[in-house]
Amino acid sequence: MDNKKDIKDIIVLQDIHKTYDTGALEVKALRGINLTIKQGEYVAIMGQSGSGKSTMMNILGCLDTATSGKYYLDGIDITKEKKEKLSYIRNKKIGFVFQSFNLIPRTSAIKNVELPMIYAKVGRNERRKRAEELLKKVGLGARMNHMPNEVSGGQRQRIAIARALANNPPIILADEPTGNLDTASSIEIMELFTELNNEGATVIVVTHEDDIAEFTKRIVRFKDGQIISDTKVVKD
Ligand SMILES: Nc1ncnc2c1ncn2[C@@H]1O[C@H](COP(=O)(O)OP(=O)(O)O)[C@@H](O)[C@H]1O
Ligand SMILES: [Mg+2]
């Protein structure tokens, strides 16, 4: 059962290039990315600002498309899919967590968490129940009716994680999720990702910080739009 060969490749990038064409100048943000991630992996993406990390995460999350190359997500050839189908795939397969939380303001925690389930046409009672369960899971059972501006940064990120989990996606993508948080909240958020990974989710986290990357099991380093190293994290 535990044979590594039987674990599927959930993400496969083949020679991915991304060029931003902003009229006056062209920016080659990704220059030939090859990366395979197996189901259940826990990966940190590191590298200097501007090295292409967010560009790749946006492609992985189907928020943007590559200029060339192939992307297979859970066996689906993403580069061939139409826009509407991509939103559907994203909603089912991906939970995205952003540095700036991206919660809907003046909307309660529970409503924020329910939102992806509304898009997925989950019935009212069921989605309320699941949103409650998720907020309890991230430790916010007592904050369900609070607005985002009534809770701390760490708690906002936990609401965002609960929202990312709403449709039970197999993949969690987090782009600098601890970038706006203090050390204690950052550790709590990483512990939550570790728990989700232990429960089977494939988790990919962008970070600048070694301490944060050490929560994961594999570190992929970017430089100038290319991968310069890909190593296992040694735990002592
Ligand atoms: N929407 C965009 N339009 C033009 N250039 C962009 C855009 N997004 C990112 N870039 C450029 O692409 C490069 C990679 O950016 P990004 O992927 O955001 O890097 P990172 O997340 O590692 O900081 C940078 O040179 C950045 O300025
Ligand atoms: Mg970035």
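See above for the structure.
Residues numbered from 1 in each chain as written. Chains lettered and ligands numbered in written order. Predicted model: local features only at pLDDT ≥ 70, side-chain atom pairs only at ≥ 80, totals over all residues. Heavy atoms only, no water.

### What about the overall build of the chain?
Our working rule: Secondary structure elements are defined from DSSP: runs of H or I of at least 4 residues count as helices, runs of E of at least 2 residues count as strands, and each element is numbered from the N terminus. This radius of gyration counts C-alpha atoms alone. The globule rule is 2.2 Å times how many residues there are, raised to the power 0.38. Relative accessibility under 20% of the residue-type maximum defines a buried residue, over 50% an exposed one, and the middle range a partly exposed one, all with a 1.4 Å probe and only protein chains included. In this description, contact between two residues means that some pair of their heavy atoms is separated by no more than 4.5 Å. Each accessible area value is a Shrake-Rupley result obtained with a 1.4 Å probe; residue values ignore everything except the protein chains displayed when judging cover. In summary, the charge assignment counts Lys and Arg as positive and Asp and Glu as negative, without counting His or the chain termini. Positions of charges follow a simple convention, taking NZ of Lys, CZ of Arg, CG of Asp or CD of Glu.
Helices and strands together make up the secondary structure of the chain, namely seven helices and ten strands. Relative to the 2.2 N^0.38 estimate, which gives 18 Å for 236 residues, the radius of gyration of the chain is 18 Å and therefore close to what a compact globule would have. The C-alpha extent of the chain, read off along each of the three principal axes, is 50 × 45 × 45 Å. For the chain, the proportion of its 236 residues judged to be buried stands at 44%. Counted over contacts in the chain with a minimum sequence separation of 6, partners at least 24 positions apart contribute 69%. Total accessible area on the chain is roughly 12500 Å²; 47% of this is exposed by carbon and sulfur atoms. Across the chain, 36 positive and 31 negative side-chain charges occur, with their mean positions spaced 6 Å apart.

### Some remarks on the sheet that holds strand β1 (residues 9–21)
Put simply, the rule reads: Here the rule is simple: two strands pair whenever DSSP picks up at least two bridges between them.
With respect to topology, four strands assemble into an open sheet ordered β2-β1-β4-β5, the strand pairing being antiparallel. Both edges of this open sheet fall to β2 (26–38) and β5 (76–77), since each of them pairs with a single strand only.

### Remarks on the pairing of β2
Pairing between β1 and β2: ten bridges, direction antiparallel. Residue pairing in the sheet places Y20 in a bridge with V27 of β2. As consecutive antiparallel partners, β1 and β2 are separated by four residues, and within that stretch G23 has a phi angle of approximately 80°, a positive value.

### Some words on the site of ligand 1
The line we're drawing: What makes a residue near a molecule or strand is one non-hydrogen atom of that residue sitting within 4 Å of it. Polar contact is the term for a pair of N or O atoms within 3.5 Å; when the atoms are in protein, one must be able to donate a hydrogen and the other to accept it, and sequence-neighboring residues count only if both atoms are side-chain atoms.
Within the structure, ligand 1 sits among Y20, T22, V27, A29, Q48, S49, G50, S51, G52, K53, S54 and T55. Between ligand 1 and K53, the relevant distance is 2.7 Å, taken from an oxygen atom to a side-chain nitrogen or oxygen of the residue. Taking T55, its side chain carries an N or O atom lying 2.5 Å from an oxygen atom of ligand 1. Alone, ligand 1 offers 560 Å² of accessible surface; in the complex the protein occludes 63% of this. Contributions of two or more residues to the shell around ligand 1 are made by β2 and α1 (53–60).

### Concerning the nonpolar core
Using the following cut-off: Here, nonpolar core refers to any group of buried Ala, Val, Leu, Ile, Met, Phe, Trp, Tyr and Cys residues whose side-chain atoms link them within 4.5 Å.
If you look at the biggest cluster of nonpolar residues, it comprises 35 residues, and the most contacted ones within it are L135, I159, I161 and F193. Not counting the four nearest positions on each side in its chain, L135 is found in contact with A109, I110, V113, L140, G141, M144, I159 and A162. Core analysis: the next-biggest nonpolar cluster, separate from the first, contains 28 residues, L30, I33, I89 and V220 among them.

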